[in-house]
Amino acid sequence: DASVVLYAGRIGREKGVDVLVRAFAELSEKKPGGHLVVVGSPSLGSDPADSARYEAELRELAEGLAVSWLPAQRDVLALIQSADVAVVPRLWPEPLSRSVMEPLACGVPVVATNVGGNPEILTDWLAPYLVEPNDVSGLAERVGSLYGWRQRQGDLGERCRRDAEARL
C-alpha cells in the first residue's frame, strides 16, 4: 500500500541521491506511507574511496526510513512499472536523460531537476514536476503531491505515456 518512489541510476554525488534521501526524510515526516527504492551502484570515478564514502553517507542519511537499496540492474522495466513516481535529482546538466524518458513511456510521472535536457522533456503540463537542484523541500513537496495520484488523477499515467509516445 506504500507510495513507491523510485530512483534508478548510477550512485554518485553529481546524481543528487543525497538530495533525494533528504527530501524523502522530510516527506516521510509530513506524509508517511512512502517507500523509496534506490536502484544502482556507486560510480567508481577517479576516486573509488569517495564513492564508498558517499554510499555510506547515503545509508546513514536513510537510517530509520523506508528505503530499499538494490544493486544496478540491466533491465529496470518492472521496477519502473511498479513505481508511483520516478525521481531524477541530478545536479549536473546531462543533455538527455533516459531516467526521465523511460518512466514517462511506462506511464509513471517523473519529478526531475531543472538542469540539462530535463526541461526539454518535462514541458508544458509536465513542467510543474521540475525542481531546482539541491531544493530538498521543493523535491519533497513535488514527490508528495504525486502520492495517491492513481486515485485522484486516474488518467495521469496515460497522459505521461501519450506525451512520451508523441514527443520522445
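Because the structure is predicted, anything quoted here is derived from the model rather than measured. (Residues numbered from 1 in each chain as written. Predicted model: local features only at pLDDT ≥ 70, side-chain atom pairs only at ≥ 80, totals over all residues. Heavy atoms only, no water.)

> Lay out helix 4 (residues 98-105) in plain terms, naming residues and giving numbers.
Buried residues of helix 4: Val100, Met101, Pro103 and Leu104, and no others. For helix 4, the secondary structure elements touched by its buried residues are helix 3 (77-82), strand 4 (85-88), strand 5 (110-113), helix 5 (118-121) and helix 8 (156-167). A distance of 3.2 Å separates the backbone nitrogen of Ser99 from a side-chain oxygen at the start of helix 4, and that oxygen is part of Ser97. Gly107 occupies a position one or two residues after helix 4 and carries a positive phi of about 80 degrees. (Buried < 20%, exposed > 50% of the residue type's maximum accessible area, 1.4 Å probe, protein only. Helix = DSSP H or I, 4+ residues; strand = E, 2+ residues; numbered from the N terminus. Contact = heavy atoms within 4.5 Å. Polar contact = N/O pair within 3.5 Å; in protein donor to acceptor, adjacent residues only side chain to side chain.)

> Summarise the side chain of Asp163; cite the residues concerned and give the values.
Along the polypeptide, Asp163 turns up in helix 8. Judged by relative accessible area, which is 14%, Asp163 ranks as buried. Here Asp163 is in contact with Trp125, Leu126 and Leu168, once residues within four sequence places are set aside.

> Account for the nonpolar core, naming residues and giving values.
Within the largest apolar cluster, 51 residues are counted, with the highest numbers of intra-cluster contacts made by Val5, Leu36, Val100, Leu104, Val111, Leu139 and Val143. Counting residues per element, this core draws most heavily on helix 1 (residues 17-30), at 7 residues. Every residue in contact with Val111, bar those within four places of it in the chain, is listed here: Val85, Ala86, Val87, Val88, Tyr129, Val131, Leu139, Arg142, Val143 and Leu146. (Core = buried A, V, L, I, M, F, W, Y, C linked by side-chain atoms within 4.5 Å.)

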